[in-house]
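As a plain string of letters, each chain reads:
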Amino acid sequence: MLTATNHTLEKLENLLKSAGYRVRYEKGNFKTGACLLQSSRMVVVNKFSNLESKIQALQELIRSLEVDQKLLDEKQQAFYQQIKQTELQL
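The structure presented is a predicted model; accordingly, all values stated were derived computationally and were not measured.

Considerations on the pairing of strand E2 (residues 34-37)
Across four bridges, the pairing between E2 and strand E3 (residues 42-46) is antiparallel. From the neighbouring strand, Ala34 faces E3, where its bridge partner is Val45. The turn joining E2 and E3, which pair antiparallel and follow one another in sequence, is formed by four residues; a positive phi near 55 degrees is taken by Arg41.

Notes on the sheet that holds E2
Pairing in this open sheet of three strands is mixed, and the strands run E1-E3-E2 from one edge to the other. Each edge of the open sheet is held by one strand with a lone partner, namely strand E1 (22-26) and E2. Averaged over all adjacent pairs, the angle separating strand axes in this sheet is 20 degrees, with direction ignored. Where helix H2 (residues 51-64) meets the sheet, it contacts E1, E2 and E3, and its direction lies at approximately 155 degrees from that of E3.

Some points on the environment of Met42
Structurally, the position occupied by Met42 is in strand E3. The exposure class of Met42 is buried, given its relative accessible area of 9%. Separated by 22 residues in sequence, Met42 and Gly20 have C-alpha atoms that sit 8.8 Å apart. Beyond its immediate sequence surroundings of up to four residues, Met42 is in contact with Tyr21, Arg22, Arg24, Cys35, Leu36 and Leu37.

Things to note about the nonpolar core
In terms of nonpolar packing, the biggest core is built from 22 residues, with Leu12, Leu16, Val43, Leu58 and Ile62 touching the most fellow members. For this core, the element with the highest residue contribution is H2, accounting for five residues. If sequence neighbours within four positions are ignored, Leu12 has contacts with Leu2, Ile55, Leu58, Gln59, Ile62, Phe79 and Ile83.

Focus on H2
For H2, which comprises 14 residues, the first-to-last C-alpha distance of 20 Å matches the rise-based estimate of 20 Å (1.5 Å per residue) to within 8%. Listing the buried residues of H2 in full gives Lys54, Ile55, Ala57, Leu58, Gln59, Leu61, Ile62 and Arg63.

A closer look at the packing of helix H1 (residues 6-18) against H2
Contact geometry for H1 and H2: axes closest at 10 Å, N-to-C directions at 30 degrees. With respect to their mutual orientation, H1 and H2 come out roughly parallel. Note that H1 runs across H2; the crossing there is left-handed. The segment H1 lies against H2, with Asn6, Thr8, Leu9, Leu12, Glu13, Leu15 and Leu16 engaging Leu51, Lys54, Ile55, Leu58, Gln59, Leu61 and Ile62. When the residues that make up the contact of H1 with H2 are grouped by side-chain class, the tally is nine nonpolar, three polar and two charged.

Parameters at a glance
- Residues numbered from 1 in each chain as written.
- Predicted model: local features only at pLDDT ≥ 70, side-chain atom pairs only at ≥ 80, totals over all residues.
- Heavy atoms only, no water.
- Pairing = 2+ DSSP bridges.
- Helix = DSSP H or I, 4+ residues; strand = E, 2+ residues; numbered from the N terminus.
- Axes fitted to C-alpha atoms, helices over the stretch in contact; angles between N-to-C directions.
- Contact = heavy atoms within 4.5 Å.
- Buried < 20%, exposed > 50% of the residue type's maximum accessible area, 1.4 Å probe, protein only.
- Core = buried A, V, L, I, M, F, W, Y, C linked by side-chain atoms within 4.5 Å.
- Expected span 1.5 Å × (residues − 1).
- Parallel < 35°, antiparallel > 145°, perpendicular 65-115°, else oblique.
- Left-handed = near helix turned anticlockwise from the far one by under 90°.
- Nonpolar A, V, L, I, M, F, W, Y, C, P; charged D, E, K, R; others polar.

Okay, here's the thing in structure tokens:
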């Protein structure tokens, strides 16, 4: 489980950006707190969600993606693996 801090949110955003996705915060009625527009590789996060919900939504979204790890640096690769491993432990 990731800690609910702004630093964690930034790490998730940076991981997505390195993987080629754009992250935007907009108002909306998302059931999960975020949505992924596949054709434009854009992630839209509900800006009115609390910090924990934003982190959880991005974490779930990253779990569902197959990210080319060659695009990530070593720390981001380790962070990506940590996110993927929490899925297996649940």
